[in-house]
Amino acid sequence: MGLKVLVTGGSGQVGSELVRFLLNSSSIEDVFAPSSSDLDLFSRDSVLDSISQMQPDWIIHAGAWTQVDACEDDPRRAFLINGLGTRFVVQAAEMVGCKVCYLSTDYVFDGRSTRPYLEWDPVGPKSVYGASKLAGEVEVRSCDLIVRTSWVMGEFGHNMAKTLVRLAKGGNNHGFVNDQIGTPTIVSDLVRSVTDLFLGGHSGIFHISNSGEASWYQVAQFVFETLGEDAGRISPISSEALKGYKAPRPQYSVLDNAALRGSGLSELPEWQDSLAGLVSKLSGGS
Ligand SMILES: NC(=O)c1ccc[n+]([C@@H]2O[C@H](COP(=O)([O-])OP(=O)(O)OC[C@H]3O[C@@H](n4cnc5c(N)ncnc54)[C@H](OP(=O)(O)O)[C@@H]3O)[C@@H](O)[C@H]2O)c1
């Protein structure tokens, strides 16, 4: 008998691709992806009812309020959805006897490190979003999984890869910050790795990002070059020049995937290899 898996946030960027991936996995018997009205993280009753009806073996908790700048304006909402909502999910998991894989973020770190962050490094979020996602981490049990990832880009939802493909075709010049360093994570790689983790019965904190590191300026240059567009249309700017971003971004948020490596699991490909494939799909290639 295969596993029954419930995905929260199944309409989101990661959730959409995860659901498709799991539906094609021979080890999974059933995939449930309740909408945010059927499983509303604001409501304890809604979360408990929905999960106890479906009786999953695993919950992949990808549902969250991810609008980083909007979170600064409404911390209450951020903590209710990302923190308390996760408490409800874990309570439901306890009721039905299943485990939780909670998706978290590089924003739990303060961004001042000079080397990639290990799973065991001290956290220190600088934004409301990061603090609210950390509040969710605190709710999960030691038998559960926490997957921190960064700079996520896939075929669904809004993301920087889609923006860059659009800008590349537009013909104008653009500035991108060269003083924020992180690692793009391509959703197709992420969902495969998350699935390896929970099917393998792992628990604890794992960092999962593609390999390597870059600034947004370098990512933008790479996308333009991949599309055969003039990367000279991209210029480096500093974060200080950016207006309209309320939430501070970590200056350095490269995640060392040490737990993945140490557990004998495959690390993700170099970000350039996977981003080239995504850009090709997004621009109408194979
Ligand atoms: N995107 C990134 O760069 C990034 C980086 C690191 C970590 N993460 C984490 O990865 C996870 C997935 O991110 P994503 O990019 O897929 O996010 P996303 O595209 O914004 O999707 C968020 C999902 O959460 C659902 N949701 C929002 N409010 C809800 C509520 N009150 N009740 C139930 N569901 C609710 C949304 O449903 P509706 O569409 O119906 O509102 C949507 O399906 C999140 O936990 C995020 O914190 C993301």
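Bear in mind the structure is a predicted one, so any value in this text is a computation, not a measurement. (Residues numbered from 1 in each chain as written. Predicted model: local features only at pLDDT ≥ 70, side-chain atom pairs only at ≥ 80, totals over all residues. Heavy atoms only, no water.)

A. Representation of the overall build of the chain in the model. When helices and strands are counted, the chain shows ten helices and twelve strands. Computed over its C-alpha atoms, the radius of gyration of the chain comes to 19 Å, within 12% of the 19 Å expected for a compact globule of 286 residues. With the C-alpha coordinates of the chain rotated into their principal frame, the extents come out at 55 × 40 × 40 Å. Relative to its 286 residues, the chain shows a buried fraction of 51%. Long-range contacts, defined as pairs at least 24 residues apart, comprise 81% of the intrachain contacts of the chain with a sequence gap of at least 6. (Helix = DSSP H or I, 4+ residues; strand = E, 2+ residues; numbered from the N terminus. Rg over C-alpha atoms; globule rule 2.2 N^0.38 Å. Buried < 20%, exposed > 50% of the residue type's maximum accessible area, 1.4 Å probe, protein only. Contact = heavy atoms within 4.5 Å.)

B. Here's a closer look at the site of the ligand. With respect to spatial proximity, 22 residues lie near the ligand, and among them Ser11, Ser36, Thr66, Tyr129 and Lys133 are the closest. In the environment of the ligand, an oxygen atom lies 2.6 Å from a nitrogen or oxygen atom belonging to the side chain of Thr66. Relative to its unbound accessible surface of 910 Å², the ligand loses 78% to contact with the protein. Of all elements in the fold, only helix H1 (13–23), strand E4 (99–105) and helix H5 (128–139) reach the threshold of two or more residues within the shell around the ligand. Residue classes in the shell around the ligand are distributed as ten nonpolar, ten polar and two charged. (Near = heavy atom within 4 Å. Polar contact = N/O pair within 3.5 Å; in protein donor to acceptor, adjacent residues only side chain to side chain. Areas by Shrake-Rupley, 256 points an atom, 1.4 Å probe, with all protein chains shown as cover. Nonpolar A, V, L, I, M, F, W, Y, C, P; charged D, E, K, R; others polar.)

C. Fine view of helix H6 (residues 160–170). Of the positions making up H6, those classed as buried are Ala161, Leu164, Val165, Leu167 and Ala168. The buried residues of H6 occupy one face: seen down the axis, they fall within an arc of 170 degrees. Counted as exposed and oriented over 90 degrees from the buried face of H6: Arg166, Lys169 and Gly170. Where the residues of H6 are buried, they touch strand E6 (152–153), strand E7 (174–177), helix H8 (216–226) and helix H10 (271–282). Gly171 sits one or two positions beyond H6 and adopts a positive phi of about 90 degrees. (Arc of directions from axis to C-beta.)

D. Local environment of the packing of H1 against helix H7 (residues 187–199). Taken N-terminus to C-terminus, the directions of H1 and H7 make an angle of 60 degrees; their axes are 9 Å apart at the nearest point. When the axis of H1 is compared with that of H7, the two are oblique. Taken as a pair, H1 and H7 cross one another with a handedness that is right-handed. When H1 is examined against H7, the residues Gln13, Val14, Glu17, Leu18, Phe21 and Leu22 are found in contact with a partner set consisting of Val187, Ser188, Leu190, Val191, Arg192, Thr195 and Phe198. Looking at the contact of H1 with H7, its residues break down into eight nonpolar, three polar and two charged. (Axes fitted to C-alpha atoms, helices over the stretch in contact; angles between N-to-C directions. Parallel < 35°, antiparallel > 145°, perpendicular 65-115°, else oblique. Left-handed = near helix turned anticlockwise from the far one by under 90°.)

E. Representation of the pattern of salt bridges in the model. Enumeration according to the criterion identifies 13 salt bridges in this entry. In this structure, the salt-bridge partner of Asp121 is Arg115, at a minimum N-O distance of 2.7 Å. Of the residues examined, Arg115 reaches a relative accessible area of 39% and is grouped as partly exposed. Linked through salt bridges whose partners overlap, the residues forming this network are Glu94, Arg141 and Asp144. (Salt bridge = Lys/Arg side-chain N within 4 Å of Asp/Glu carboxyl O.)

F. Broad picture of the packing of aromatic side chains. Under the counting rule described, the total for this entry stands at five aromatic pairs. A centroid spacing of 3.7 Å and a plane angle of 15 degrees characterise the contact between Trp151 and Trp216, whose relative ring orientation is stacked. With a gap of 65 residues between them, Trp151 in the loop between strand E5 (145–149) and E6 and Trp216 in helix H8 connect regions that are remote in the sequence. Each member of the pair, Trp151 as well as Trp216, carries the same accessibility label: buried. (Phe/Tyr/Trp six-rings, centres within 6.5 Å; stacked < 30°, edge-to-face > 60°.)

G. Summary view of the nonpolar core. Residues Val47, Ile51, Ile59 and Val89 are the most contacted members of the largest nonpolar core, which totals 28 residues. When contributions to this core are tallied by element, the ones reaching two or more residues are helix H2 (44–54), helix H3 (68–73), helix H4 (75–96), E4 and H5. Top element by residues in this core is H4. It accounts for eight residues. Setting aside anything within four residues of it in sequence, one finds Val89 in contact with Leu41, Val47, Ile51, Ile59, His61 and Val100. Counting 27 residues, the second largest nonpolar core, distinct from the first, contains Val5, Ile28, Phe198 and Phe206. (Core = buried A, V, L, I, M, F, W, Y, C linked by side-chain atoms within 4.5 Å.)

H. Structural detail: the environment of Ala64. By the secondary structure assignment, Ala64 is in the loop between strand E3 (58–61) and H3. We classify Ala64 as partly exposed; its relative accessible area is 27%. Ala64 has contacts with Leu41, Ile81, Asn82 and Lys133, leaving out every residue within four places of it along the chain.

I. Focus on the side chain of Asn82. Structurally, Asn82 is set in helix H4. Asn82 sits in the buried class, given a relative accessible area of 1%. Polar side-chain contacts of Asn82 include one of 2.7 Å to the backbone nitrogen of Trp65. Excluding residues within four positions of it along the chain, Asn82 makes contact with Ala64, Trp65, Tyr102, Tyr129, Ser132, Lys133 and Gly136.

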